[in-house]
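# Architecture and fold: a report
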Amino acid sequence: MRLRYVLAAVLLAAVAASARAQVGVYINPVVEHIGNSTADTGPFAFFGDGQRSGIFGGLDFGAYYDVTHGPGMKFGVDARDTIVHRNNASLNVFSLAARIESRPTAFGFRPYAELSAGAAVSKAPVSLVHTLQGQYALYGGIDYPLNRHVDFRVIEVGIGSVTTTNSYINAGQKPAIGASGLVHISSGLVFRFGVPGGPPKKPKNPY
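Bear in mind the structure is a predicted one, so any value in this text is a computation, not a measurement.

What counts and what doesn't
Residues numbered from 1 in each chain as written. Predicted model: local features only at pLDDT ≥ 70, side-chain atom pairs only at ≥ 80, totals over all residues. Heavy atoms only, no water. Core = buried A, V, L, I, M, F, W, Y, C linked by side-chain atoms within 4.5 Å. Buried < 20%, exposed > 50% of the residue type's maximum accessible area, 1.4 Å probe, protein only. Helix = DSSP H or I, 4+ residues; strand = E, 2+ residues; numbered from the N terminus. Pairing = 2+ DSSP bridges. Axes fitted to C-alpha atoms, helices over the stretch in contact; angles between N-to-C directions. pLDDT = per-residue confidence, 0-100. Contact = heavy atoms within 4.5 Å. Salt bridge = Lys/Arg side-chain N within 4 Å of Asp/Glu carboxyl O.

### Re the nonpolar core
Counting residues in each nonpolar core, the largest one holds 12 residues, listed as Val30, Ile34, Phe46, Phe47, Phe56, Val84, Ala89, Leu91, Val93, Ala120, Val162 and Leu182. Listed by contribution, the elements that provide at least two residues to this core are strand 1 (23-35) and strand 4 (89-101). Sorting elements by how many residues they give to this core places strand 4 first, with 3 residues.

Listed below in structure tokens is the structure:
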């Protein structure tokens, strides 16, 4: 089963289990610069033969769930599937993150930060072999509410590390190719569900 389908099932289960929780869902375009200090060669070279880096484009699909509620700072979790491509190479990262969101600023902006770890499936341009390795990243962004259920994600920036397919992993070719640095930029819309500010108040006793 593809990681994106697993993610969708987890999110649906979370919403069903807590229908009144604050849940945000996003599907946004993303650009990532991925680079390594060591150039790889051969059919398993993720950036291409003799290349060290590349700019990849694709989509960020995910959702966050606020564990705490109220008008102040919020803590929660975020699950996302990031899929990017370049020159027939592909990278699919499923990750889980701890999330913190500050109280809204005077202008309504809501800054947030996330620390994530996950599994990365990558494929080189001229190979059919898919490699599963690790990834971690630190994200920071700003959301601005357009209405009760829609936010504009002004920007999200992330930095991290990801190990992609390479000739050392698949063919034992030296030198060893370590993890690559990753810079992530995204923007778009977030759709929020639930009751902002926590569970509904109990009705007053009329007697």
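### So, the sheet that holds strand 6 (residues 130-145)
Working definition: the strands of a sheet are paired by backbone hydrogen bonds and lie parallel or antiparallel to each other. Pairing is antiparallel around the closed barrel formed by 8 strands, whose spatial order is 1-2-3-4-5-6-7-8. The mean angle between the axes of side-by-side strands here comes to 25°, regardless of whether they run parallel or antiparallel. As defined by bridge partners, strand 1 adjoins strand 2 (residues 53-66) across 13 bridges and the pair is classed as antiparallel. Looking across to strand 2, one finds that His33 is bridged to Ile55.

### Some points on the pairing of strand 4
With respect to burial, strand 4 is a largely interior element, 10 of its 13 residues being buried. Sheet topology places strand 3 (residues 74-86) next to strand 4; 13 bridges connect them, and they run antiparallel. Looking at strand 4, one finds that Thr82 is bridged to Val93. Two successive antiparallel strands, strand 3 and strand 4, enclose a turn made up of 2 residues, where Asn87 displays a positive phi of approximately 50°. Where strand 4 meets strand 5 (residues 110-123), 12 bridges bridge the pair, whose relative direction is antiparallel. Residue Ala98 lies in a different strand from strand 5, and its bridge partner there is Leu115.

### Section: the confidence of the model for the protein
Per-residue confidence for the protein averages 86 on the pLDDT scale, and 83% of its residues sit at or above 70. A low-confidence stretch, residues 9-20 stays under pLDDT 50, and its non-local contacts, those more than four residues away or across chains, total 9 contacts. The low-confidence segment residues 195-203, where pLDDT is below 50, has 10 contacts with residues more than four positions distant or belonging to other chains.

### Thoughts on the pattern of salt bridges
Taken as a whole, this structure holds 10 salt bridges when the rule is applied. One salt bridge in this structure joins Asp60 and Arg80, with 2.8 Å as the shortest N-O distance. Note that Asp60 is positioned in strand 2 and Arg80 in strand 3, a separation of 20 residues in sequence. Arg80 matches Asp60 in its accessibility class, with the two residues each being buried. A salt bridge links Arg192 to Asp151; the nearest nitrogen and oxygen atoms lie 2.9 Å apart. In this pair, Arg192 is assigned in strand 8 (residues 180-193) and Asp151 in strand 7 (residues 150-162), connecting sequence segments 41 residues apart. Given the relative accessible area of 0%, Asp151 is considered buried.

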